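# Structural characterization, general
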Amino acid sequence: MVAATPLPSRGAPRGRRTGTLLVSEPTLGPEEAAALARVVEGGWITQGERVRAFERAFAEMHGAEDAVAVSSCTAALHLILHGLGIGPGDEVLVPALTFVASANCVLYVGATPVFVDVEAPDLPLMSLADAAARCTARTKAVILVHFAGYEPDREAWRAFARERGLRLVEDAAHAAGLPGAGTFGDAAAFSFYGNKNMTTAEGGMVLATDEGVRETIRRARAHGMTSGAHQRLATRAAAYDVIGLGFNYRLDELRAAIGLVQLARLPEWNRRRGALAALYRSGLRRACPEVTVPFEADRPSVHHIMPVLLPPGTDRQRVVDGLWARDIQTTLHYPPVHHLSFYAARCPGLHLPATEDFARRELTLPLHPAMRDDDVAEVVDALTDLVRAQPAAERPGPRVVEAGR
Ligand SMILES: *Cc1c(COP(=O)(O)O)cnc(C)c1O
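Cut-off values and rules
- Per chain, residues are indexed from 1 in the order of the written sequence.
- Only residues with pLDDT of at least 70 are given local features in this predicted model, and only at 80 or more are side-chain atom pairs given and counted; all residues enter the totals for whole chains, interfaces and linings.
- As a rule here, side-chain values cover all heavy atoms of the structure and leave hydrogens and water aside.
- Here's how the labels work: a residue is buried when its accessible area is under 20% of the maximum for its type, exposed when over 50%, partly exposed in between, all with a 1.4 Å probe on protein chains only.
- For helices the rule is a DSSP run of H or I covering at least 4 residues; for strands it is a run of E covering at least 2, with both sets numbered from the N terminus onward.
- Criterion used throughout: strands pair if DSSP finds at least two bridges between them.
- By convention a crossover is right-handed if, when the strands point away from the viewer, the path from the first strand over the helix to the second runs clockwise.
- You can read pLDDT as the predictor saying how much it trusts each residue, on a scale of 0 to 100.
- Throughout, a residue-residue contact means that at least one pair of heavy atoms, one from each residue, lies within 4.5 Å.
- Whenever a helix is involved, its axis is fitted only over the stretch in contact; in every case the axis is a line through C-alpha atoms, and angles between N-to-C directions fall within 0 to 180 degrees.
- Angle categories are assigned with fixed cut-offs, so that under 35 degrees is roughly parallel, over 145 is roughly antiparallel, 65 to 115 is roughly perpendicular, and the rest are oblique.
- Left-handed is the label given to a crossing in which the near helix is rotated counterclockwise from the far helix by less than a right angle, and right-handed is the label when the rotation is clockwise.
- All residues other than Ala, Val, Leu, Ile, Met, Phe, Trp, Tyr, Cys, Pro, Asp, Glu, Lys and Arg, Gly among them, are scored as polar; the first ten of these are nonpolar and the last four charged.
- The working definition used for a salt bridge is a side-chain nitrogen of Lys or Arg within 4 Å of a carboxyl oxygen of Asp or Glu.

## Things to note about the pairing of strand 7 (residues 167-171)
- Burial analysis of strand 7 places 4 of its 5 residues in the buried class, the great majority of the element.
- Pairing geometry for strand 6 (residues 139-145) and strand 7, over 5 bridges, is parallel. Across the sheet, the residue bridging to V145 is D171, located in strand 7.
- Chirality of the crossover, the property in question, places the unit of strand 6, helix 6 (residues 154-164) and strand 7 among those that are right-handed.

## Here's the deal with the confidence of the model for the chain
- Put simply, the chain has an average pLDDT of 93, and 92% of its residues get 70 or more.
- Low confidence marks residues 1-14, where pLDDT is under 50. Its contacts with residues over four positions away, or in another chain, come to 25 contacts.
- Every residue in residues 400-404 scores below 50 in pLDDT, and together they form 10 contacts with partners more than four places removed in sequence or on other chains.

## A closer look at the packing of helix 1 (residues 30-42) against helix 9 (residues 253-287)
- One can describe the packing of helix 1 onto helix 9 by two numbers: an axis separation of 8 Å at closest approach and a directional angle of 155°. Relative to helix 9, the element helix 1 lies roughly antiparallel. Regarding helix 1 and helix 9, the two cross each other, and that crossing is right-handed. Residues E31, E32, A35, L36, V39 and V40 of helix 1 lie in contact with helix 9, whose contacting residues are E253, L254, A257, I258, V261, Q262, R265 and W269.
- Here the contact of helix 1 with helix 9 is built from residues that sort into 9 nonpolar, 1 polar and 4 charged.

## Examining the pattern of salt bridges
- Scanning the model with the defined rule gives 22 salt bridges in all.
- A salt bridge links R138 to E91; the nearest nitrogen and oxygen atoms lie 3.1 Å apart. Of this pair, R138 sits in the loop between helix 5 (128-133) and strand 6 while E91 sits in strand 2 (residues 91-95), and the two are 47 residues apart along the sequence.
- Judged by its relative accessible area of 46%, R138 is partly exposed.
- Residues R218 and E215 are paired through a salt bridge, measuring 3.5 Å at the closest nitrogen-oxygen approach. Here R218 and its partner E215 are both found in helix 7 (residues 211-220), 3 residues apart, which amounts to about one turn of the helix.

## Considerations on the sheet that holds strand 6
- A sheet is described by the order of its strands in space; here 7 strands give the open sequence 1-9-8-7-6-2-3, paired in mixed fashion. Edge positions in the sheet fall to strand 1 (67-70) and strand 3 (112-116), since each has one partner strand and no second. Averaged over all adjacent pairs, the angle separating strand axes in this sheet is 20°, with direction ignored.
- Here 4 bridges tie strand 1 to strand 9 (residues 204-208), and the two strands are oriented antiparallel to one another. Note on strand 9: the bridge partner recorded for A67 is L207.

What follows is the structure in structure tokens.
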């Protein structure tokens, strides 16, 4: 979440930061403000030419033919499953280590999410072997999540889907700007929520390989109508038809204007995220090797978040409280979806050992482009002190900290 705390880093004098070091923080400035003002002055605020320009620019950055801008990543996922014809009686493979939206979208179309374990606690991407074991005659699609911004094994998943005749969908909410993201399989959904690598406050994008699927999604974004208000104005046409079920999942010009500014800076921000993540990795390896940093350092990533694993048996709440006492926010990614009450009731007794081990020990550290190298050093020092101060025999406490998303 984006906290309503005064932004700590921007404009802060060199030396010790002021205010809380947040897990994530949007980078917003005069360019976004000016872009918004131009939309207001122009008078057309709902979906129009800026939305179209944003779609084209986003597609180009990801090496895709075209894109469809929508109101959120959740809407994007819903539209993708709708556009691919997934429905009642179908099963969709989804990692349990994700935000709940990845599973909710499957229920929106009347299909059944089937939760899959991750490869290992230090490789928290969906397990190919567990996915294969959970396939049935009803399995129709698989939703990959680029957890923390790291790239899943592209060729292995394409082969997996091809061999079984499955649709391959990317929940790329963590992966805006990741080269190749959005072109793994049939379609991909991106998020521009306030804590993502680029933001429009709320917003999302669909990439889809097949032009027909893309056009179905484009129409379903706006009630299934054959033309939009802006198009009818441009062509002086009064009539429209509705040729399929649709929703209202449109983006607007205000958000697209911010999105165009953010997109242009995304590569630079992602590089900065990468540099900060590398500092965390080397700092922790040196100061506190008992803390595990998941993933191989050289796996392609846009470093959406900085997850670490505390040593087994660590009282995580004590670490969280200790970091708060030093004005450092942390969150958890994620409470596994199959443990959330709504889903636990739907899949009683489901046990996903690697996901559960990861989720028990995981802590998400601050990572955003406005952070300074000093901030990373400070978090590494604080974390090292707190992990080392743990009484050796202590077991995890029963308290739960609020989950991040
Ligand atoms: C943020 C997120 C979503 C939902 O994105 P919205 O744009 O808020 O709808 C879906 N999946 C994952 C993995 C996310 O992190």
